[in-house]
Amino acid sequence: MRNVPVLLLLASASAFGQGVDKSAALLWYDKPATDWEKEALPIGNGRMGAMIFGGIDSERLQISEKSLWTGGPGSEGGYDYGLPKESQAPLMRKIGKQLVDGATLAPEAVAGQLGRKMHNYGDYQSFGDLIIERESATAPVSNYRRELDLFDGVARVSFTQGDARVEREYFVSYPDQVIVAHWTSSGTQKLRVRFAIPDNRSIETRTDKTRIRVTGALRSNGLKYAAILRVITDCGSVTADEYSLQVESACPITFIVGARTNYEMRYPDYRAAGVDPADVAAAEVLKATDARHAALLDRHGADHAALFGNVRLDLKGAASPLPTDQLRATYGTGNAANDRLLETLYFNYGRYLLIASSRPGSLPANLQGVWNDKATPPWNADYHVNINLQMNYWPAESANLAGTVGPLFDFVEHLVPPGRIAAERYFGAKGWTLFLNTNAWGYVGPIDWPTAFWQPEASAWLAQHYWEHYLYTRDAVFLRKRAWPVMKGAAEFWLDALVTDPRDGKLVVSPSYSPEHGPFTAGASMSQQIVADLFESSLEAARNQGDAAFAARLDAALKKLDRGLRVGGWGQLQEWKADLDDAKDDHRHVSQLYALHPGHAIDPVSTPELAAAARKMLDARGDASTGWSRAWKINFWARLRDGDRAHKLLAGLLRDSTLPNLWDTHPPFQIDGNFGATAGMIEMLLQSQNGVIDILPALPGAWPSGAVYGIRARGDATVSIEWDECGVKWIDIGTGHAGPLTLHSSLFEKDFKVGVGKVLRANPESGRKDGRTTIDGYPGGRFSFLRPDACAPP
Ligand code: FUC
């Protein structure tokens, strides 16, 4: 077979990141936002967030800073991290005994004994608003446009009024740690700018020439905050009164905002000793002022592109003249190319949102990412760890955004010291754990909401994120220094806390509760599956770390562990150890499918009966649900290799659980669904959970041709795929480590060409029926595979 010219290979590879259809990375609207939740557009740098309304005469930048939380240490009446003084272990054992032999307890009965009233738990706060008002003009406004450019990480507002063309730009810089607004107009701008700060804190405002400085402390806990604004313009004048600045200028006007608190993510006091947040913010604003707008924009653009530009998805959507709210409102009404545009945009938005809400140096993305406009947001805008925080980070590895995962690991590690006390006080166990939800203040105890207070498997589930990071990166230093201690602590906890089930002598979790559903029992499926997952990965990690004694303990426990995988009377994957499932129940949690996703014990190839039972359960629960639940189901169906059904769930999410600004709604707005769906779309295109890199495992009919570049597979591989109506036509794998990688694709079932480095040749293994081929990866390795024939669809 003749060699295919090298050029072919490069032609595909060079398309990466080039010639991208801008409309798939642009949210845009033809009117200002009036509703924070549904319409305003989010920008952020992980630590700070701002919502842009795009008002014509009055612009509102609603600002958040991740650490501004009420409650916690310093609160009146004290704070105990959810930890009782007395040991609850005897009570726990008593309740465990009440659950033997298949007995059940109502959640209310358990919460009445083990629940704990939230005391100074606190809420994530709005930092305040920056209000910029202009002297209003009477001429009518035309050509209004408000947009969010996902490629640049910049929001823009523009319009024409009379002779004046007005252009405004907004971004939050990670390298410079400031919010930047840049206003230009072809006429003179007369503006007044001020902060509007919520009244649950002390507020001291000082103005000085071109600067406003607001400082104070939350009444709740004394946490100090500071916001500083600097206005820069090269001509005209800036004057200050008591609370605001007046600007009159025919030159561009730049607004630079710094916002800080004296929070430090460190148990138990959570305060940065000796740090005045006003000094930190002032230094940041000063540095940014010296840098000027163009340099700030450049640095921000380069920083954002270094993450966002790693991946490109092309579903062959068509550029549309419709603004994003109308594109969404008309989704699914017959224009397939528009639908694919929205799907691609939604995928890009998920990646954008993670970059904007999770960067090293601050808390992880909470229930609302980093954006919040309330003093008492839904669920405190906290960290729920029975699905929500985990879901936030599902796309971090696969969507090539490993640079966003650091805050999760910093957060989890800081929970270990109080988590050790929780393990000891509640269970009399070693290791560490926490329950259903946590805050910025190391809350590790249960709360008292009967149907949502119990999930001691949270530490095990979070520890799996460390293992996954290792699988994706093969970073041995990370495994040794960060992953292993956290995993070992979580595994130690369950080695101590598991009990023997007299029914069959197996090790079970008891009391055990399937998230937010059903009664308390011993050995609910999800509990068992999470512990099994943790023990298996910890066993591998222990061997890798040469910890033979611990490996032996895990090995012994695994042999006796109930795996939580049972097929019940109507063919369903059971939620509990006893067959209690109601086929008519459509509860949003389908926790018993943890083993299908994010776990990997259920797999249509190696465990077809369990996969069929999972399908049965999903069919019974139905496709309609709340935002994050639909997002999880995209992942489930992708893992079942049913691309059309996964797509149906995605379509339902876009139609029924997505707001005009493309935020996921539970309702209310909850960002996990954005992230879960982005991860699910990758699961449709690439999977690697069971030792095989599976190319297009669940491609839906709705995506007949397309391409994805730069997504990640376990084994430290970066994967690009192009496909058309005849199937896969090109695969490119970049490898980061030495070692074999097994690939699966329909491409390998027929003759194909392979290029290692730069040379393409016919592959000796061509035509393998099982569609598998193996490559020997190496650092900096590059392997390409090409279908030799052009596509001639019937
Ligand atoms: C979990 C879910 C709820 C909600 C809450 C924030 O407890 O069961 O539906 O999403 O998190």
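Residues numbered from 1 in each chain as written. Predicted model: local features only at pLDDT ≥ 70, side-chain atom pairs only at ≥ 80, totals over all residues. Heavy atoms only, no water.

Regarding the overall build of the chain
To keep things clear, this is the line we draw: Each helix is a run of H or I in the DSSP string that is no shorter than four residues. Each strand is a run of E no shorter than two, and both are numbered from the N terminus. The globule rule used for comparison is 2.2 Å times the number of residues to the exponent 0.38, while the radius of gyration itself is calculated over C-alpha atoms. With a 1.4 Å probe rolled over the protein chains alone, any residue whose accessible area is under 20% of its type maximum counts as buried; one over 50% counts as exposed, and the rest are partly exposed. Every residue pair with non-hydrogen atoms within 4.5 Å of one another is taken to be in contact. Accessible surface is estimated by sampling points in the Shrake-Rupley manner with a 1.4 Å probe; for residues, cover comes only from the protein chains shown. Residues counted as positive are Lys and Arg, residues counted as negative are Asp and Glu, and His and the chain ends are not counted. All charge positions are set by atom: Lys at NZ, Arg at CZ, Asp at CG, Glu at CD.
Per the secondary structure count, the chain includes 17 helices and 31 strands. Relative to a compact globule of 794 residues, whose C-alpha radius of gyration would be 28 Å, the chain shows 27 Å and is just as compact. Considering only C-alpha atoms, the chain reaches an extent of 80 × 75 × 50 Å along its principal axes. Residue burial in the chain is summarised as follows: out of 794 residues, 62% are buried. In the chain, the share of contacts with a sequence separation of at least 24, taken over all contacts with a separation of at least 6, comes to 69%. Taken as a whole, the chain presents about 27,300 Å² of accessible surface, with 52% of it coming from carbon and sulfur. Here the chain contributes 84 positive and 92 negative side-chain charges, whose respective centroids are spaced 3 Å apart.

With respect to the pairing of strand β7 (residues 154-161)
Worth spelling out the cut-off: Following DSSP output, two strands are said to pair if at least two bridges run between them.
Within β7, seven of the eight residues are buried, which leaves it mostly tucked inside the rest of the structure. Bridge count for strand β6 (residues 141-149) against β7 is seven bridges, and the pairing is antiparallel. Counted as the bridge partner of Arg146 is Val157 from β7. Between β6 and β7, which pair antiparallel one after the other, the connecting turn spans four residues, and Gly153 there sits at a positive phi close to 70°. Of the pairings in the sheet, the one linking β7 to strand β8 (residues 164-173) comprises seven bridges and is antiparallel in character. The partner of Gln161 across the bridge, within β8, is Ala164.

What to know about the pattern of salt bridges
To keep things clear, this is the line we draw: Note on definitions: salt bridges are taken to be side-chain nitrogens of Lys or Arg within 4 Å of carboxyl oxygens of Asp or Glu.
In total, this model carries 54 salt bridges according to the counting rule given. Asp314 is paired through a salt bridge with Arg312; the nearest N and O atoms lie 3.5 Å apart. The partner of Arg641 in a salt bridge is Asp694, with the nearest N and O atoms 3.3 Å apart. With Arg641 in the loop between α15 (627-639) and α16 (643-656) and Asp694 in strand β23 (residues 693-695), this pair connects stretches of sequence that are 53 residues apart. Ionic contacts of the salt-bridge type, sharing partners, join the residues Lys22, Arg145, Glu147, Asp149, Asp152 and Arg156 into one network.

Description of the packing of aromatic side chains
As a reminder of what qualifies: When two rings of Phe, Tyr or Trp (its six-membered ring) have centres within 6.5 Å they constitute a pair, described as stacked for plane angles under 30 degrees, edge-to-face for angles over 60, and tilted for the intermediate range.
For the coordinates displayed, the defined rule picks out 43 aromatic pairs. With a centroid separation of 5.9 Å and an interplanar angle of 15°, the aromatic rings of Tyr466 and Phe478 are classed as stacked. Remark: Phe478 occurs in helix α11 (residues 476-497) and Tyr466 occurs in helix α10 (residues 458-473); sequence separation between them is twelve residues. The residues Tyr466 and Phe478 share a single accessibility class, namely buried. Measuring from centroid to centroid gives 5.9 Å for Trp484 and Phe550, while their planes differ by 75°, and the two rings are edge-to-face. Of this pair, Trp484 sits in helix α11 while Phe550 sits in helix α13 (residues 548-560), and the two are 66 residues apart along the sequence. Side by side, Trp484 and Phe550 carry an identical accessibility label, which is buried.

Here we look at the packing of helix α6 (residues 336-357) against α16
Keep this limit in mind: Helix axes are fitted to C-alpha atoms over the stretch in contact, other axes to C-alpha atoms as well, and angles between N-to-C directions run from 0 to 180 degrees. In these notes the angle categories are as follows: under 35 degrees is roughly parallel, over 145 is roughly antiparallel, 65 to 115 is roughly perpendicular, and the rest is oblique. We call Asp, Glu, Lys and Arg charged. Ala, Val, Leu, Ile, Met, Phe, Trp, Tyr, Cys and Pro are nonpolar, and the rest, Gly among them, are polar.
The N-to-C vectors of α6 and α16 enclose an angle of 80°; their axes lie 11 Å apart at closest approach. Relative to α16, α6 is oriented roughly perpendicular. Between α6, through Leu342, Glu343 and Tyr346, and α16, the contact on the second element is made entirely by His647, Leu650, Leu653 and Leu654. Residue classes in the contact of α6 with α16 are distributed as five nonpolar, one polar and one charged.

Brief notes about the state of the cysteines
Selection rule: Cysteine sulfur atoms are paired as a disulfide whenever they come within 2.5 Å of each other.
Enumeration over the complete set of coordinates arrives at two disulfides. Between the sulfur atoms of Cys235 and its disulfide mate Cys251 the distance is 2.0 Å. Judged by the sign of its S-S torsion, about 125°, the cystine formed by Cys235 and Cys251 is right-handed. Here the residue Cys235 occupies a position in the loop between β13 (224-233) and β14 (237-240), and Cys251 occupies one in the loop between β15 (244-249) and β16 (253-261), the gap between them amounting to 16 residues. Between the sulfur atoms of Cys726 and its disulfide mate Cys791 the distance is 2.0 Å. Disulfide Cys726 to Cys791: torsion about the S-S bond roughly 75°, handedness right-handed. Here the residue Cys726 occupies a position in the loop between β25 (717-724) and β26 (727-735), and Cys791 occupies one in the segment after β31 (781-786), the gap between them amounting to 65 residues.

Quick word on the site of the ligand
Short version of the rule: Whether a residue is near a molecule or strand depends on its heavy atoms: it is near if one of them lies within 4 Å of it. Any pair of nitrogen or oxygen atoms within 3.5 Å is treated as a polar contact; in protein, a donor-acceptor pairing is required on top of that, and neighbouring residues in sequence qualify only through side-chain atoms on both sides.
Taken together, Leu367, Trp379, His384, Asn386, Asn388, Glu516, Arg588, His589, Trp628, His666 and Gln670 make up the full set of residues adjacent to the ligand. The contact in question runs from an oxygen atom of the ligand to an N or O atom on the side chain of Asn388, over 3.0 Å. One of the side-chain nitrogen or oxygen atoms of Gln670 is found 2.9 Å away from an oxygen atom of the ligand.

Considerations on the confidence of the model for the chain
Filter applied, for reference: Each residue carries a pLDDT value, the predictor's own confidence for that position, ranging from 0 to 100.
Summarising the model, the chain shows a mean pLDDT of 95, and 96% of its residues fall at 70 or more. Element-level mean pLDDT values for the chain span from 38 in helix α1 (residues 6-14) up to 99 in strand β2 (residues 41-44). With pLDDT under 50 throughout, residues 1-19 is counted as low confidence; its partners more than four residues away or in other chains account for 33 contacts.

Quick notes on the sheet that holds strand β5 (residues 128-134)
In space, the seven strands of this open sheet follow the order β2-β3-β4-β5-β10-β15-β14, with antiparallel pairing throughout. Edge positions in the sheet fall to β2 and β14, since each of these pairs with one other strand and no more. Between one strand and the next, the sheet's axes are offset by a mean angle of 20°, whatever the strand orientation. Relative to strand β3 (residues 48-52), β2 runs antiparallel, the two sharing four bridges. Bridge assignment links Pro42 to a residue of β3, and that residue is Met51.

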